[in-house]
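Chains, contacts and geometry: an overview
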Amino acid sequence: MILLPCACTQKQESGVKVYRLNTAVATTAKPHPTPTPPHKHSNFHIVKNDDVWATNGEKHLEIDLARQRGTFYIDGRAAMEFPVCTGRKGFETPTGTYTIKEKRRHHRSNIYHVSMPCFMRLTYDGIGLHVGEIRATPASHGCIRLPHEACLPIFHAVSPGTKVVIY
């Protein structure tokens, strides 16, 4: 399926370009090139499919460490794709299948003494998803950082027990 330009709107939010897919339109025409985000790293964009967000169903997240991208699914359909920043060398983000163990809107690391808004704990030894700085390469101490524009709606949509697959 190719999304036609009329089906996509874009908006700048806190330095991250957000593309909203209001209606998916199938076509066999040559694909319209995706506008280049204004960052030095072309991975700094969020694609949100409002049609999928409007549905209820089973939710899960997938984090692709090689691409530094995450996808939030509702009933097996991509609701949002977003950039992530994962663990740097020596602090690699662990791969595997996890479930969100707890959510804390205002969390502070007791190891690194930094604020981690919208923290979604995956392990009891400190790994989780949270709002944080996104860089072109892995730079965290193992957590998965998301831009605020992606993390906040995901934080509100998920609950403890939501599956997170990291590969």
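Numbering of residues begins from 1 in every chain and follows the order in which that chain's sequence is written. Totals for whole chains, interfaces and linings use all residues, but because this is a predicted model, local features are given only for residues with pLDDT of at least 70 and pairs of side-chain atoms are given and counted only at 80 or more. Side-chain figures throughout are based on the complete set of non-hydrogen atoms in the structure, without hydrogens or water.

Positive phi, close to 55 degrees, is recorded for Q68, a residue that is not glycine. Residue class for Q68 comes out buried when judged on its relative accessible area of 5%. Look at D75: it is not a glycine, yet its phi comes out positive at around 50 degrees. For the purposes of this entry, the term helix denotes a DSSP run of H or I that reaches at least four residues, the term strand denotes a run of E that reaches at least two, and both are numbered from the N terminus. Tracing the sequence through the fold places D75 in the loop between β5 (69–74) and β6 (77–83). Relative accessibility decides the category of a residue: with a 1.4 Å probe and only protein chains considered, values under 20% of the type maximum give buried, values over 50% give exposed, and everything between is partly exposed.

This brings us to the pattern of salt bridges. Think of it this way: side chains of opposite charge can pair up when their charged atoms draw near. Note on definitions: salt bridges are taken to be side-chain nitrogens of Lys or Arg within 4 Å of carboxyl oxygens of Asp or Glu. All told, the structure shown has 5 salt bridges when counted by the stated rule. For D64, the salt bridge goes to R67, with nearest N and O atoms at 3.9 Å. Classification of D64 as buried rests on a relative accessible area of 10%. Put simply, E81 and R67 hold a salt bridge, and the shortest N to O gap is 3.2 Å. Here E81, found in strand β6, pairs with R67, found in the loop between β4 (59–64) and β5; they are 14 residues apart in sequence, far enough to count as distant. Through salt bridges with shared partners, a single network forms among D64, R67, R69 and E81.

A few words now on the side chain of H60. Among the secondary structure elements, H60 is positioned in strand β4. Classification of H60 by relative accessible area gives buried; the value is 14%. Identification of polar contacts relies on pairs of N or O atoms within 3.5 Å, with a donor-acceptor requirement for protein atoms, meaning one able to donate a hydrogen and the other able to accept it, and with residues adjacent in sequence counted only if both atoms are side-chain atoms. Polar contacts involving the side chain of H60 include one to the side chain of E62, which spans 3.1 Å. Any pair of residues with heavy atoms lying within 4.5 Å of one another is described as a contacting pair. Apart from residues no more than four positions distant in its own chain, H60 is found in contact with T71, F72, Y73, T162 and K163.

Let us look at the environment of Y73. By the secondary structure assignment, Y73 is in strand β5. Given a relative accessible area of 18%, Y73 falls into the buried group. Between the C-alpha atoms of Y73 and H60, which are 13 residues apart in sequence, the distance is 5.3 Å. Ignoring anything within four residues of it in the chain, the contact list for Y73 reads E58, K59, H60, E62, A78 and A79.

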